Amino acid sequence: MNDSFRNLELVMSREHAYWSKISKYVSNKDVIFKMRDKSTGLRSLGIKYGYEDSGSTYRRDKGVAVLRNNLEQNLLELIPSSTMENPMSRSNEKFIRLRIFTKIESEDDYILTGESSLDSLFVNGSTIKKDQDDIRGQIKRLKAFIFEQELMHQLKKECSLLISYGVTIENENKVVMELPNEKIEMELLSIEDTSVVNHIQDAPKVNDRRATLALTTLRMLLIVMFKKNLRKKLTSTRNSNGLNIEKDILLIRPLLGKMRHQNYKILLRKIVKDYVLDIVEDSKLTETSLFKNSNTEKVADAHVAKLTREIKSFASLLDTSKTKFEITIPEKGELILVLSSPNYCNAVVSVNYEEKANSISFDTKFSEFKEIEEFLNFLVTEYVKGKDIPIKKEE
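Summarised in this report is the structure supplied together with it.

Calculation notes
- Residues numbered from 1 in each chain as written.
- Predicted model: local features only at pLDDT ≥ 70, side-chain atom pairs only at ≥ 80, totals over all residues.
- Heavy atoms only, no water.
- Helix = DSSP H or I, 4+ residues; strand = E, 2+ residues; numbered from the N terminus.
- Expected span 1.5 Å × (residues − 1).
- Buried < 20%, exposed > 50% of the residue type's maximum accessible area, 1.4 Å probe, protein only.
- Axes fitted to C-alpha atoms, helices over the stretch in contact; angles between N-to-C directions.
- Parallel < 35°, antiparallel > 145°, perpendicular 65-115°, else oblique.
- Contact = heavy atoms within 4.5 Å.
- Core = buried A, V, L, I, M, F, W, Y, C linked by side-chain atoms within 4.5 Å.
- Arc of directions from axis to C-beta.
- Polar contact = N/O pair within 3.5 Å; in protein donor to acceptor, adjacent residues only side chain to side chain.
- Salt bridge = Lys/Arg side-chain N within 4 Å of Asp/Glu carboxyl O.
- Pairing = 2+ DSSP bridges.

### Section: helix α5 (residues 135-159)
Line of reasoning, step 1. Compared with the 36 Å implied by 1.5 Å per residue over 25 residues, the 37 Å span of α5 between its first and last C-alpha is a close match.
Line of reasoning, step 2. Taking burial as the measure, the 25 residues of α5 include 20 buried ones, the bulk of the element.

Right, dumping it as C-alpha cells:
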C-alpha cells in the first residue's frame with residue numbers, strides 16, 4: 001500500500017511539474033495539439049512553430065515539434081519532428097548571410113566591403129541550449145530557422161525570372177545578384193560554419209550597415225508575402241496553396257528594380273543633357289518621381305482591412321518605379337520623357353513632344369537607350385534648330 005502511494009505521489013509530482021512548465025512557457029498564441037512521439041511511441045503534446053497559419057506556403061519543413069518531458073534530467077524539451085526522423089541532423093539550424101562585394105577599378109575582381117550582422121538569437125544559441133528549460137527561447141529559435149529556410153526557398157524560385165538581369169543560383173544555398181560595379185551574395189549558412197565564427201571578430205566594413213538593411217528588407221518583404229496570402233485566403237472562395245512566381249513572390253525584384261532604375265535615370269539624364277540641354281539654349285530640365293494613387297476602398301472585414309493597411313505601408317517599395325523628365329524649350333514646345341520599369345527591372349521610355357503653334361506632335365516609346373539618342377537627335381535637328389530657337393554654339 002505504501003509503495004503504491006509513493007508511486008502515485010511520484011507520478012502526480014511529475015505531472016504537476018510537467019504542466020507547470022507548460023503553463024509557464026507556452027502562451028495562448030501557441031498552437032498546441034496531441035501527437036505521437038516517434039522516438040518513444042508515446043502520445044504527447046506537439047507545438048506548431050511554422051508560419052502556415054500566418055500565410056506561409058512553405059511545406060519542406062512541417063514546423064512541428066514535440067514537447068517531451070525528460071524525466072532523467074527533469075527538463076521539458078522541444079524536439080522538432082524533422083530531428084526525430086533523423087536524430088543526427090542539424091540541417092535546420094541555418095540562417096541567411098548577405099554580403100556585398102565591390103568591383104576593383106581596372107581589374108576583373110571584387111573585394112568584400114559589407115556583410116550583414118548576426119542576429120543575437122543565432123549568436124546566443126549555445127546559451128539557450130544550456131538552459132533547456134527555457135522553451136520560449138527554443139520556440140523563438142526554431143521560428144527563426146524555419147523563416148530563414150523559407151526566405152532562401154522563395155529567393156531561389158524568384159531567380160527563375162531574373163537570369164537575364166544578372167541574378168543566378170550559384171548552388172542550392174546561394175543566390176548571386178550582379179550589378180555594374182558590385183556583386184551581392186545571399187547564402188544560407190549553418191550556424192556552425194567557420195566563417196560565421198570568424199566574422200564575429202572581424203573589423204567593421206564600409207557596407208556592413210547597407211548589407212544588414214538589405215537583408216532586413218528581404219525578411220520584411222517575406223512577411224508582406226505572408227500577409228498577402230492570408231488576405232487572399234480570407235477574401236477568396238477558392239483554395240489555393242501555390243504562389244504565382246511572377247505576381248506573388250516579390251523579394252529581389254523590388255530591391256533590384258530600385259537600383260536598376262537609379263542607373264537608368266543616370267543614363268537618361270546624360271542623354272538628355274548631351275542631345276537637348278547642351279544644344280538648345282535656355283532649355284531646362286525638371287525631374288519628378290511618379291507614384292501610383294492608392295485606392296481607398298472601404299472593407300467590411302476588420303481583419304482584411306488591417307492586412308490591407310499593413311501591405312500598403314510597403315507600397316513605395318513594392319510599386320514599380322516611374323520618373324518623369326520634363327524639358328522646357330523656350331517659346332516653342334515641351335518635351336516629356338517618362339522612364340518606367342513595368343516588370344521592376346527593365347526600362348521603357350515614353351517620349352512626348354508637342355509644339356502647339358505649328359501643330360507638331362510626337363508620342364512614342366522606346367526600350368533601347370540608343371534609339372532614344374537617335375530620336376532626340378532627329379527631333380532637335382529637324383524640329384528645333386529650324387524654328388528660330390537659339391542653339392548653343394560649340395566652343
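So that's the structure; there's more coming.
### Some thoughts on the packing of α5 against helix α9 (residues 252-277)
Line of reasoning, step 1. Where α5 meets α9, the closest approach of the two axes is 10 Å, and the angle between their N-to-C directions is 55 degrees. As judged from the angle between their axes, α5 and α9 are oblique. Listed contacts from α9 to L155, E158 and C159 of α5 are I252, R253 and P254.

### A short note on the nonpolar core
Nonpolar side chains in soluble globular proteins generally cluster together in the buried interior.
Line of reasoning, step 1. Membership of the largest hydrophobic core comes to 38 residues, with the highest contact counts inside it found for L155, L251 and I252.
Line of reasoning, step 2. Residues in contact with L155, not counting those within four places in the same chain, are I96, V175, M186, L218, L251 and I252.
Line of reasoning, step 3. The next biggest cluster of nonpolar side chains, apart from the first, holds 26 residues, and it includes L268, I271, I372 and V384.

### Re helix α10 (residues 302-312)
Line of reasoning, step 1. Of the residues making up α10, those classed as buried are V304, A305, L307, T308 and I311. Taken around the axis of α10, the buried residues stretch over an arc of 165 degrees, which confines them to a single face. Projecting away from the buried face of α10 at angles above 90 degrees are the exposed residues A302, H303 and R309.
Line of reasoning, step 2. Contacts from the buried residues of α10 go to α7 (208-235) and α11 (315-318).
Line of reasoning, step 3. For α10, the N-terminal cap is D301; the gap from its side-chain oxygen to the backbone nitrogen of H303 is 2.8 Å.

### Considerations on the pattern of salt bridges
Line of reasoning, step 1. Under the criterion given, the structure shown has 21 salt bridges.
Line of reasoning, step 2. When the shortest N-O distance is used, the salt bridge between K270 and D274 registers 2.8 Å. On the criterion of helical spacing, the pair formed by K270 and D274 is a turn pair, its members being four residues apart in helix α9.
Line of reasoning, step 3. Take K270: its relative accessible area is 51%, and that puts it in the exposed class.
Line of reasoning, step 4. What makes D274 partly exposed here is its relative accessible area of 31%.
Line of reasoning, step 5. A network of salt bridges, in which partner residues are shared, links R97, R99, E115, E170, K174, E185 and E187.

### Section: the sheet that holds strand β12 (residues 334-340)
Line of reasoning, step 1. Pairing within the open sheet is antiparallel, and its five strands lie in the order β10-β11-β12-β13-β14. Among the strands making up the open sheet, the edge pair consists of β10 (284-289) and β14 (360-366). Each strand of the sheet is rotated relative to its neighbour by a mean of 10 degrees, with strand direction disregarded.
Line of reasoning, step 2. Alignment of strand β11 (residues 322-328) against β12, held across seven bridges, turns out to be antiparallel. Its bridge partner being in β12, T323 is matched across the sheet by L339.
Line of reasoning, step 3. α9 contacts β10, β11, β12 and β13 (348-355) of the sheet and is inclined by roughly 10 degrees relative to β11.
Line of reasoning, step 4. Helix α12 (residues 369-384) rests against β12, β13 and β14 of the sheet, and its axis sits at about 170 degrees to β14.

By themselves, these figures tell us nothing about what the structure is for.
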